[in-house]
Amino acid sequence: MNEFSAKTRTQVRKAKKKNIEIEFDYSGFSTKEFHRLYQLMAKKNNVDNEYYLFSEEFLKNSFEDLTGKQFFVNAIYEGEYISSSLVVHHGDYMHYHLTANNPEYYHLAANSLILYEACRWGTENGKKEIHLGGGTSEIIKFKKGFTKTEPLDLLMGKKIRNQKIYDELVAFKRNTTDLLNTGFFPLYRG
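Parameters and conventions
Residues numbered from 1 in each chain as written. Predicted model: local features only at pLDDT ≥ 70, side-chain atom pairs only at ≥ 80, totals over all residues. Heavy atoms only, no water. Helix = DSSP H or I, 4+ residues; strand = E, 2+ residues; numbered from the N terminus. Buried < 20%, exposed > 50% of the residue type's maximum accessible area, 1.4 Å probe, protein only. Phe/Tyr/Trp six-rings, centres within 6.5 Å; stacked < 30°, edge-to-face > 60°. Salt bridge = Lys/Arg side-chain N within 4 Å of Asp/Glu carboxyl O.

(A) Local environment of unusual backbone geometry. Here Asn-19, not a glycine, exhibits a phi torsion of approximately 60 degrees, which is positive. Take Asn-19: it is sitting in the loop between α1 (6–17) and β1 (21–25). Positive phi outside glycine occurs at Glu-78, with the angle close to 50 degrees. Here Glu-78 lies in the loop between β2 (70–77) and β3 (80–90). The exposure class assigned to Glu-78 is exposed, which follows from its relative accessible area of 67%.

Shown next, in the form of structure tokens:
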């Protein structure tokens, strides 16, 4: 909490006073709820790019592929899931990968409580840092409330290390679906 801004600390205390329950899910049992919340948020924000619309199956499979390396932190209010975040971790680090919220409950500041609880979990489990990722200017403003550290410059590598494998992935993408964004790197994710 020492790293958080005064506003963020207030949001965390507010969420606690509203009796929002926090649930950690290490197995993926709440994937359906996360996906439901993610779809609500995508609709509210007019997200129509397939690249950002993760299927429930993809999310469920990620718990099998990354066993012991990720978890959901869920906020439950009066028996209903209202906010959820997918946190990935390895070694000393954590990554606040995806978040999903029911816009009707924004006023409860559940996402601030989720991030607080994720940070608390990291501290208790020997993690040294949490990467909050990017986003729109509004999202960046929210995330800046969780640290006094200035953001690092965004660096993106675009070197192809194995041209043969890269070309195979691009060919596979072209053969199975349309390339949605031919200007995206890596091309097989476009």
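(B) Molecular detail of the packing of aromatic side chains. Inspection of every chain in the model, using the stated rule, returns 15 aromatic pairs. Taken together, a centroid distance of 6.1 Å and an interplanar angle of 10 degrees make the contact between Phe-24 and Tyr-26 stacked. Given the relative accessible area of 45%, Tyr-26 is considered partly exposed. Between Phe-142 and Phe-146, the aromatic rings sit 5.2 Å apart at their centres with planes inclined by 70 degrees, giving edge-to-face as the arrangement. Among the aromatic residues, ring-to-ring pairing joins Phe-34, Tyr-38, Phe-54, Phe-58, Phe-63 and Phe-72 into one connected group.

(C) Region of interest: the pattern of salt bridges. Applying the stated criterion to the full structure yields 5 salt bridges. Between Glu-33 and Arg-36 there is a salt bridge, and its shortest N-O distance comes to 2.9 Å. In this pair, Glu-33 and Arg-36 both sit in helix α2 (residues 31–44), 3 residues apart, roughly one turn of the helix. Given a relative accessible area of 25%, Glu-33 falls into the partly exposed group. Looking at Arg-36, the relative accessible area reads 30%, which means it is partly exposed. With a closest N to O distance of 3.1 Å, Lys-164 and Glu-168 form a salt bridge. With Lys-164 and Glu-168 both in helix α6 (residues 163–176) and 4 residues apart, the pair spans about one turn of that helix. Given the relative accessible area of 42%, Glu-168 is considered partly exposed. A single salt-bridge network, built from bridges that share partners, covers Glu-117, Arg-120 and Glu-124.

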